There are 2 protein chains.
Amino acid sequence: MAASTLTEVARLAGVSPATASRVLNGSARKPGQDIAERVRQAAESLGYIPNAQAQGLAKSSSGLIGLIVHDIADPYFAAIARGVQEAAREQRKMVLLATTGGGPAEEREAVAAFAARRADSIVIAGSRSCRAEDRDGNAELAAELDRYCRNGGQVAVVGHPVVGATADEGYHVVRVPNQELAGRLATELAGNWDGDFVVVGGPEGLLTSDDRVRGFQEGLERAGRRPAEVLRSAFNRSGGYDAGLELAARIKAAPHGDGDAAAGKLCIFAVNDVMAIGAAAALRSEGLRIPRDAAIAGFDDIETLRDFRPALSTVRLPLEEIGRLATRATGPRPAGENGDTAEGVSPGEVTGEVTLRRSTEAAA
Amino acid sequence: MAASTLTEVARLAGVSPATASRVLNGSARKPGQDIAERVRQAAESLGYIPNAQAQGLAKSSSGLIGLIVHDIADPYFAAIARGVQEAAREQRKMVLLATTGGGPAEEREAVAAFAARRADSIVIAGSRSCRAEDRDGNAELAAELDRYCRNGGQVAVVGHPVVGATADEGYHVVRVPNQELAGRLATELAGNWDGDFVVVGGPEGLLTSDDRVRGFQEGLERAGRRPAEVLRSAFNRSGGYDAGLELAARIKAAPHGDGDAAAGKLCIFAVNDVMAIGAAAALRSEGLRIPRDAAIAGFDDIETLRDFRPALSTVRLPLEEIGRLATRATGPRPAGENGDTAEGVSPGEVTGEVTLRRSTEAAA
DNA sequence: TTCCCGTTGGCAAGCGCTTTCCGGAAGTAG
DNA sequence: CTACTTCCGGAAAGCGCTTGCCAACGGGAA
């Protein structure tokens with residue numbers, strides 16, 4: 001038994017499909033009370049569920065929002081996804097999920113798949129890369145996005161614009177002031193830390209990571225400190241762990257216990273919380289203690305990680321809000337705004353907050 | 001400029017739409033080489049992207065897998081989602097996400113929405129409830145699922161079958177031996193813990209929680225221990241926190257320091273890791289230390305929480321695998337199995353592993 | 001050379017819904 | 001009572017794609 005169709009409902013109600021459609025699936029024209037009631041009853045008794053595909057085909061719009069993330073199990077993306085999901089609900093749309101692992105090629109593929117499904121909008125949450133080997137991939141991704149926008153699609157990108165994207169309509173960016181916030185973190189840290197700083201960054205060319213590294217260095221400079229050495233590794237926990245191992249070795253090798261003890265201690269800034277946790281785990285596995293032997297700070301303020309001890313100093317980012325904003329930016333223009341706001345309305349800029357906790361306390 | 005259509009491609013290539021369709025979108029009949037090449041070129045030059053909605057309508061299948069979770073930002077669900085996503089990719093399908101907060105009404109709605117989109121299958125990851133107030137909701141959910149299955153849909157549920165679902169075709173359950181594993185955890189814990197046990201459970205009627213509580217009690221009994229008191233609160237971190245606060249008060253009020261010190265200490269079993277972390281945070285905020293003042297154990301072995309200190313004793317569940325299995329169960333039957341296997345093939349049962357760590361070490 | 005079968009491309013009929021357009025009925029004014 | 005507007009239901013034309021069926025064609029066997 002196949003699902004029942006609008007036509008069947010119409011027949012049962014003794015009206016034309018056109019009328020049934022007008023009654024059941026929102027239309028400007030509202031048929032008469034009695035008829036409407038008959039149709040509704042018929043639909044009810046048949047357990048009618050409109051075929052969204054057919055509706056989409058007829059109206060050329062699908063009620064779908066495509067979301068692209070690196071990895072849905074990463075709490076950073078999961079938090080954003082929650083926001084997206086929420087906003088989608090407001091718009092009475094469903095979320096189509098694609099996880100890409102971060103490669104531009106996979107992202108392009110995902111965009112194409114969303115386009116094929118005629119998704120009304122696409123939210124790209126992954127961090128952009130500008131590595132040389134991603135040049136072609138980025139170009140293709142940009143081309144795909146441009147095409148999607150030209151066909152009326154709405155795109156929102158979190159963080160950075162896609163390298164090379166030129167669409168001017170339907171293309172929104174939720175900017176995250178990574179650089180500025182990292183700078184603020186650096187200056188605040190410098191305020192109560194005398195030793196040297198080390199940065200544990202993601203692979204070079206990862207825009208988010210690069211921004212945070214750059215901002216941190218600038219902050220140090222403003223505070224009159226010398227620039228931090230930068231270690232590069234994978235942008236996830238295991239990358240942080242690896243870097244942590246290396247740093248642990250150095251710390252243990254360094255002379256300590258003399259008069260210059262405080263100055264010799266390291267403050268590690270990992271460009272995201274997950275890496276910071278990895279680094280902390282590595283230090284700990286080497287017998288080092290935080291913040292006694294080294295301080296450590298992260299970025300993002302991942303919720304699940306807030307119970308970590310010692311509490312991690314970090315920069316709080318309103319992840320959920322970011323997802324919501326991005327999604328709303330792609331949605332229908334909020335009503336009641338005529339000509340007042342600029343045409344290319346900024347989709348919103350979010351802000352974060354430096355949050356110093358136990359992991360960077362100077363007192364050992 | 002709207003996206004180009006098959007017809008346009010066909011015209012450009014000088015063939016009929018039928019032929020173009022056969023060339024571009026997999027069909028049994030393969031047109032001749034030269035024609036195929038012409039069509040492919042035309043498609044390429046137009047940047048043709050097939051309209052999945054139209055395809056779906058014509059073939060009545062959408063290439064969509066619906067996933068229902070309580071909250072995508074909860075690491076438990078995020079991990080399952082990753083597995084689902086992976087398996088979906090294997091099947092060349094996309095994942096449609098619905099987060100429901102756990103209510104049967106919302107779940108029913110989500111199922112209906114998936115049905116409307118003609119999702120090929122649905123994976124329900126949320127924990128089932130059998131509370132009295134959910135009776136009606138569950139019944140409606142079951143009815144909706146039955147209808148979906150009768151129309152050829154495939155459903156996989158993680159954990160427990162939906163209460164009242166009767167579909168026998170296309171309805172799969174990935175069983176998680178919560179009860180047994182909780183039992184094993186209890187006996188192992190009882191092996192090196194002399195004090196009393198307390199269980200921090202979710203609201204009564206949450207099947208997953210109930211199973212774990214029951215199993216734990218059974219395990220205690222097998223170990224010759226007296227049953228644990230059960231505290232109920234929300235099935236998330238804040239629920240754990242609340243319970244933790246209450247327990248902290250008791251612990252502090254209890255007489256200690258006498259000869260019976262060890263026997264007076266509490267071992268807390270929270271029915272999931274997130275609650276356990278919450279409880280631990282509460283204890284800590286009250287100045288208590290783990291495992292010195294109280295031991296604590298969780299369930300699930302959430303990846304993000306593994307770096308938590310003291311390391312949390314728990315039961316490892318192969319969350320990703322569960323997602324994968326559930327999804328595969330709904331997919332096309334693996335080829336090459338004729339009559340050999342039973343008709344109603346079991347979709348797979350997973351197993352977990354008790355993992356004792358620092359948080360329940362007896363030595364203070 | 002003739003007949004028959006196997007291929008291969010095209011025609012056309014949907015898939016289930018929306019929406020434009022049209023005709024008739026009802027309502028209003030003159 | 002007639003003329004004009006308004007409103008409302010229905011007929012029909014798609015939306016973009018798939019697929020069953022048919023006709024034409026080519027080749028091998030007789």
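Calculation criteria
Residues numbered from 1 in each chain as written. Chains lettered and ligands numbered in written order. Predicted model: local features only at pLDDT ≥ 70, side-chain atom pairs only at ≥ 80, totals over all residues. Heavy atoms only, no water. Helix = DSSP H or I, 4+ residues; strand = E, 2+ residues; numbered from the N terminus. Rg over C-alpha atoms; globule rule 2.2 N^0.38 Å. Buried < 20%, exposed > 50% of the residue type's maximum accessible area, 1.4 Å probe, protein only. Contact = heavy atoms within 4.5 Å. Areas by Shrake-Rupley, 256 points an atom, 1.4 Å probe, with all protein chains shown as cover. Pairing = 2+ DSSP bridges. Axes fitted to C-alpha atoms, helices over the stretch in contact; angles between N-to-C directions. Domains from an automatic or database assignment. Near = heavy atom within 4 Å. Polar contact = N/O pair within 3.5 Å; in protein donor to acceptor, adjacent residues only side chain to side chain. Nonpolar A, V, L, I, M, F, W, Y, C, P; charged D, E, K, R; others polar. Buried area = accessible area lost by both parts, 1.4 Å probe. Salt bridge = Lys/Arg side-chain N within 4 Å of Asp/Glu carboxyl O. Expected span 1.5 Å × (residues − 1). Least-squares fit on C-alpha atoms with pLDDT ≥ 70 in both. Phe/Tyr/Trp six-rings, centres within 6.5 Å; stacked < 30°, edge-to-face > 60°.

1. Considerations on the overall build of chain A
What chain A contains, in helices and strands, is 13 helices and eleven strands. The C-alpha radius of gyration of chain A comes to 26 Å, more than 25% above the 21 Å expected for a compact globule of 364 residues. In terms of overall dimensions, chain A has C-alpha extents of about 95 × 40 × 40 Å along its principal axes. Scored against the burial criterion, the 364 residues of chain A give a buried share of 55%. Sequence-distant contacts in chain A: of pairs separated by 6 or more residues, those separated by 24 or more amount to 74%. Carbon and sulfur atoms provide 49% of the accessible area of chain A, an area that totals close to 15,700 Å².

2. Describing the sheet that holds strand β7 (residues 229-232) of chain B
Residue and element names in this part refer to chain B. Pairing is parallel across the open sheet formed by four strands, whose spatial order is β7-β6-β8-β9. The open sheet has two edge strands, β7 and β9 (294-297), and neither has a second partner. On average, adjacent strands in this sheet sit at an angle of 25 degrees to one another, irrespective of strand direction. Alignment of strand β6 (residues 196-201) against strand β8 (residues 266-270), held across five bridges, turns out to be parallel. When the sheet's bridge partners are listed, Val-200 is paired in β8 with Ala-270. Where helix α10 (residues 237-253) meets the sheet, its contacts fall on β6, β7, β8 and β9, and the angle it forms with β7 comes to roughly 140 degrees.

3. Digging into the environment of Gly103(B)
All names here are of chain B. Inspection of the secondary structure assignment puts Gly-103 in the loop between β2 (94-99) and α6 (104-116). Take Gly-103: its relative accessible area is 18%, and that puts it in the buried class. Expressed as a C-alpha distance, the spacing of Gly-103 and Gly-126, which sit 23 residues apart in the sequence, is 9.4 Å.

4. Details of the domain arrangement of chain A
Domain parsing of chain A yields domain 1 (6-50), domain 2 (59-176 + 322-330) and domain 3 (178-316). Placing a centre on the C-alpha atoms of domain 1 of chain A and another on those of domain 3 of chain A gives a separation of 63 Å.

5. Re the protein's contact with DNA strand C
Lining the immediate environment of DNA strand C, one finds 26 residues, of which Leu6(A), Ser21(A), Tyr48(A), Thr19(B) and Arg29(B) sit closest. What you see for DNA strand C is that sugar and phosphate hold 60% of its atoms within 4 Å of the protein. Between a base oxygen of DNA strand C and a main-chain N or O atom of Ala58(B), the distance comes to 3.5 Å. Looking at the surface near DNA strand C, the elements that each hand over two or more residues are α1 (6-13), α2 (17-24) and α4 (52-59) of chain A together with α2 (17-24) and α4 (52-59) of chain B. With four residues, α4(A) is the single largest residue contributor to the surface near DNA strand C. Among the residues forming the surface near DNA strand C, the class breakdown is twelve nonpolar, nine polar and five charged.

6. A few points about the interface of chain B and chain A
Between chain B and chain A, the residue contacts involve 55 residues of the former and 55 residues of the latter. Buried surface at the junction of chain B and chain A, summed over both partners, amounts to about 4,800 Å²; 54% is from carbon and sulfur atoms. Taken as a group, Gln53(B), Met94(B) and Asp307(B) account for 15% of the area that chain B buries against chain A, more than any other trio of residues on that side. On inspection of chain B and its partner chain A, the count reaches four salt bridges. Where chain B meets chain A, there are 16 residue pairs in polar contact (both at pLDDT 80 or more). Elements that contribute at least two residues to the side of chain B that touches chain A include exactly α4, α5 (75-90), β2, α6, α7 (135-150) and α12 (273-285) of chain B. Considered class by class, the residues forming the side of chain B that touches chain A number 30 nonpolar, eleven polar and 14 charged. Where strand β2 (residues 94-99) of chain A and β2(B) come together, three bridges link them in antiparallel fashion. Across the sheet, residue Leu96(A) finds its bridge partner in β2(B), namely Leu96(B).

7. Things to note about helix α13 (residues 319-330) of chain B
Residues and elements named next belong to chain B. With twelve residues, α13 should cover 16 Å at 1.5 Å per step; its first-to-last C-alpha distance of 17 Å lies within 8% of that length. The element α13 is extensively covered by neighbouring structure, given that nine of its twelve residues are classed as buried. Turning to α13, its buried residues number three or more, namely Leu-319, Ile-322, Gly-323, Arg-324, Leu-325, Ala-326, Thr-327, Ala-329 and Thr-330. Elements that come into contact with the buried residues of α13 comprise β1 (64-69), α5, β3 (121-124), β4 (154-158) and β5 (171-174).

8. Quick look at the sheet that holds strand β4 (residues 154-158) of chain A
Here we have ten strands laid out as an open sheet, ordered β5(A)-β4(A)-β3(A)-β1(A)-β2(A)-β2(B)-β1(B)-β3(B)-β4(B)-β5(B), and mixed in their pairing. Each of the sheet's edge strands pairs with one partner strand only, and the pair in question is β5 (171-174) of chain A together with β5 of chain B. The average angle at which neighbouring strand axes cross in this sheet is 20 degrees, direction not considered. The sheet contact formed by β4(B) and β5(B) spans four bridges and is parallel. For Val158(B), the partnering residue across the bridge sits in β5(B) and is Val174(B). This element, helix α13 (residues 319-330) of chain A, spans β1 (64-69), β3 (121-124), β4 and β5 of chain A of the sheet and lies at about 160 degrees to β4(A).

9. Considerations on the relation of the copies chain B and chain A
Of the two same-sequence chains, chain B is brought onto chain A (RMSD 0.1 Å, axial shift 0.0 Å) by a rotation of 180 degrees. Read as a symmetry element, the transformation amounts to a two-fold axis. Among all residues of chain B, the one whose C-alpha sits closest to the rotation axis is Leu96(B), at a distance of 2.3 Å.

10. Details of the pattern of salt bridges
By the definition in use, this model includes 55 salt bridges over all chains. We note a salt bridge from Arg82(A) to Glu320(A), for which the minimum N-O separation is 2.9 Å. Here Arg82(A), found in helix α5 (residues 75-90), pairs with Glu320(A), found in helix α13; they are 238 residues apart in sequence, far enough to count as distant. Residue Lys93(B) is joined to Asp120(B) by a salt bridge in which the shortest nitrogen-to-oxygen separation is 3.5 Å. Of this pair, Lys93(B) sits in the loop between α5 and β2 while Asp120(B) is found in the loop between α6 and β3, placing the two residues 27 residues apart along the sequence. Like Asp120(B), Lys93(B) is buried. Through salt bridges with shared partners, a single ionic network connects Asp71(A), Arg82(B), Glu86(B), Glu320(B), Glu321(B) and Arg324(B).

11. A closer look at the protein's contact with DNA strand D
The local shell around DNA strand D holds 25 residues, among which Thr19(A), Arg29(A), Leu6(B), Ser21(B) and Tyr48(B) are the closest. Atoms of DNA strand D within 4 Å of the protein belong to the sugar or the phosphate in 61% of instances, the rest to bases. Measuring from a phosphate oxygen of DNA strand D, one finds a backbone N or O atom of Leu6(B) at 2.3 Å. Tallying contributions element by element places α4(B) first for the surface near DNA strand D, with four residues.

12. Looking at the packing of aromatic side chains
Residues and elements named next belong to chain B. This structure, assessed with the given rule, holds eight aromatic pairs over all chains. Measuring from centroid to centroid gives 4.4 Å for Phe-216 and Phe-269, while their planes differ by 15 degrees, and the two rings are stacked. Of this pair, Phe-216 sits in helix α9 (residues 207-222) while Phe-269 sits in strand β8, placing them 53 residues apart in sequence.

13. What about the environment of Asp242(A)?
Residue and element names in this part refer to chain A. With respect to the helices and strands, Asp-242 occurs in helix α10 (residues 237-253). With relative accessibility at 47%, the residue Asp-242 sits in the partly exposed group. Between the C-alpha atom of Asp-242 and that of Gln-53, which follows or precedes it by 189 residues, the distance is 48 Å.

14. Brief notes about the environment of Ala294(A)
All names here are of chain A. For Ala-294, the location among the structural elements is in strand β9 (residues 294-297). On the basis of relative accessible area, Ala-294 is assigned to the buried category, the value being 1%. Sequence-wise, Ala-294 and Phe-197 are 97 residues apart; in three dimensions their C-alpha atoms are separated by 9.9 Å. Ala-294 has contacts with Trp-193, Ile-251, Leu-266, Ile-268, Leu-283, Arg-289 and Ser-359, leaving out every residue within four places of it along the chain.

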